[in-house]
Amino acid sequence: MKPPRKLHIKSYGCQMNVYDAQRMADTLGGEGFIETARADDADLVVLNTCHIREKASEKVYSELGRLRLLKEQAAREGRNMRIAVAGCVAQAEGDEIIRRAPTVDIVVGPQSYHHLPQLLARAARREHAIETEFPADDKFAHLPPPKADAIRARGISAFVTVQEGCDKFCTFCVVPYTRGAEVSRPVADLVEEVSRLADHGVRELTLIGQNVNAYHGEGPDGTSWPLGKLLHRLAEIPGIARLRYSTSHPNDVDASLIEAHRDLPALMPLVHLPVQSGSDRILAAMNRRHSVRNYLDVIDRFRTARQGIAFSSDFIVGFPGEREEDFAATLALVAQIGYAAAYSFKYSPRPGTPAAELAEMVSASDMDQRLARLQDLIDHQQSAFNMAAIGTTVDVLFERAARNPGQVVGRTAYLQPAHVMASPDIVGSVLPVRIESLERYSLLGELALPAPRTEPKPSPISIGA
Ligand code: 5AD
Ligand code: SF4
């Protein structure tokens, strides 16, 4: 028997890349590859790249510089190392990547991962193998399901792509170009994939998509199902204790999603709902297609449906033409909503997007200063949100033994890490924890009830927040 070949995948960017990396590993597993954490002894290194901001995309080229040296060293030792660039930089730059970095053997866009075995065969014939088309065959129908041991190794919390692509065309964003038009996976396929994950120990599921709440997959009854209906169906799968989804656009929040938050205890009360800016003028220039008022109305609908619901968001500071009063409106919106967490970025012009043509750039010093002010406000809100947990008893889904001996770590409904002293037998269970203190971003507490016996399996799960 041939010895297994070694595969090293390095992912950048969003959760979808994490999921894609797993599916690539599953596909290449069928070709005799096993994963290694080290690039230097790998037979195939895949860089799974992100194009969302310039910094993310430039990282690829510095990494390729390092890999070139590893590849040369491997050749001196008589080994053949292949290098593949996958993800959104591959999609956006195509053969330009090989021109800038001739060490690369394979360039593969996100819609073509099921063709990796053929691309590898071409690379073995010393051809450059480039595939960045949006192929007619559906990758999800061709990617093999993960094996039981791979699911177990990945832990009790899993991502599943339910939707890909975006039709919104915000003027700053590359996603509609790199990931293409919105496509939703059929309900039956998702039920099958999730059942398999749950059978092998997955307890928490995050449904992902670039515009996940535009989901409109074909249901078993032949009609198009919205995200809320899909969530109801997946909540019925035995073993699934928690459901989440990301990332949503405010305009695609429909009645089914609001009802799901009202009716499904397993659906966690934390919604990632990016607004990008608190200024209507900037929202219009961004082509967000909603106003601040529309966004606040959506927040109200969630809050009415589910007590204790919390929000996170993304913000861009320094979009072309952003004046001090626009930025002040962003701060005011953040202050009004009170986020559990938020991510903020300096505007980065992306080639090919409409905003990259806009002339009225904000100066670097204004951008830096605005980013610092916004992050300061968000940090205060996040600390206040975390501090509010002290003295309360909250449900924690335990994920793994912590680095500190004797501790087990899990997450609250709001994704806050929580540590307790307990036996690692509780991994996979949702248990009430009395929160005693906060250390940086992590909560510390004690199990509120004695740890349950582990027999009989499956371990007990109390559903709900
Ligand atoms: N510049 C800065 N931030 C961006 N994002 C998307 N495109 C850009 C860009 N060109 C941010 C948005 C989005 C998040 C994933 O990345 O806030 O919600
Ligand atoms: Fe990009 Fe999100 Fe706008 Fe789509 S909705 S274009 S993914 S920022």
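Fair warning: this is a prediction, and the values are worked out from it, not measured in the lab.

Cut-off values and rules
- Residues numbered from 1 in each chain as written.
- Chains lettered and ligands numbered in written order.
- Predicted model: local features only at pLDDT ≥ 70, side-chain atom pairs only at ≥ 80, totals over all residues.
- Heavy atoms only, no water.
- Phe/Tyr/Trp six-rings, centres within 6.5 Å; stacked < 30°, edge-to-face > 60°.
- Buried < 20%, exposed > 50% of the residue type's maximum accessible area, 1.4 Å probe, protein only.
- Helix = DSSP H or I, 4+ residues; strand = E, 2+ residues; numbered from the N terminus.
- Lys NZ or Arg CZ within 6 Å of the ring centre and 35° of its normal.
- Axes fitted to C-alpha atoms, helices over the stretch in contact; angles between N-to-C directions.
- Parallel < 35°, antiparallel > 145°, perpendicular 65-115°, else oblique.
- Contact = heavy atoms within 4.5 Å.
- Nonpolar A, V, L, I, M, F, W, Y, C, P; charged D, E, K, R; others polar.
- Domains from an automatic or database assignment.
- Polar contact = N/O pair within 3.5 Å; in protein donor to acceptor, adjacent residues only side chain to side chain.

J.: Explain the packing of aromatic side chains to me, please; I cannot follow it from the model alone.
T.: Aromatic ring pairs are defined here through the distance separating the ring centres and the angle between the ring planes. According to the stated counting rule, one finds six aromatic pairs in the structure shown. Taking 5.8 Å as the distance between ring centres and 65° as the angle between the ring planes, the aromatic pair formed by Phe-302 and Phe-311 counts as edge-to-face. You'll find Phe-302 and Phe-311 in the same group, each marked buried. On the basis of an interplanar angle of 70° and a centroid distance of 5.4 Å, the ring pair of Phe-319 and Tyr-347 is categorised as edge-to-face. In this pair, Phe-319 is assigned in the loop between β15 (310-317) and α14 (324-337) and Tyr-347 in the loop between β16 (341-346) and α15 (364-387), connecting sequence segments 28 residues apart. We classify Phe-319 as buried; its relative accessible area is 0%. The class for Tyr-347 is buried, based on a relative accessible area of 6%. An aromatic cluster of three or more residues is present, and its members are Phe-172, Phe-319 and Tyr-347. Arg-53 extends its terminal NZ or CZ atom over the ring of Phe-345, reaching a point 3.7 Å from the ring centre. The positively charged end of Arg-100 is found above the aromatic ring belonging to Tyr-61, 3.6 Å away from the centroid.

J.: Help me understand the packing of helix α13 (residues 292-305) against α14 in this model?
T.: Each packed pair of helices is defined by two parameters, the angle between the axes and the distance between the axes. Where α13 meets α14, the axes come as close as 12 Å, and the angle between the chain directions of the two elements is 10°. As judged from the angle between their axes, α13 and α14 are roughly parallel. Facing α13, whose interface residues are Val-292, Tyr-295, Leu-296, Ile-299 and Arg-303, α14 presents Leu-333, Gln-336 and Ile-337. Its residues placed into classes, the contact of α13 with α14 shows six nonpolar, one polar and one charged.

J.: Help me understand the domain arrangement of the chain, please; the structure alone is not making it clear to me.
T.: Here the domain parsing of the chain yields domain 1 (5-131), domain 2 (139-384) and domain 3 (393-455). Just the C-alpha atoms count here: the centres of domain 1 and domain 3 sit 37 Å apart.

J.: Where do I start with the side chain of Glu-193 in this structure?
T.: Following the sequence through the fold, Glu-193 ends up in helix α9 (residues 187-199). Side chain to side chain, Glu-193 and Tyr-19 meet in a polar contact 2.7 Å long.

J.: Mind showing me how you'd approach unusual backbone geometry here?
T.: With the exception of glycine, most residues fall at negative phi, and the peptide bonds are largely trans. With an omega of 5°, the peptide bond between Ser-246 and Thr-247 qualifies as cis. Considering the arrangement of structural elements, one finds Thr-247 in the loop between β13 (242-246) and α11 (255-263). Of note, Phe-169 is a non-glycine position whose phi angle comes to about 55°, a positive value. Phe-169 gets classed as partly exposed once you look at its relative accessible area, which sits at 37%. Even without a glycine there, the phi angle at Leu-415 is positive, about 70°.

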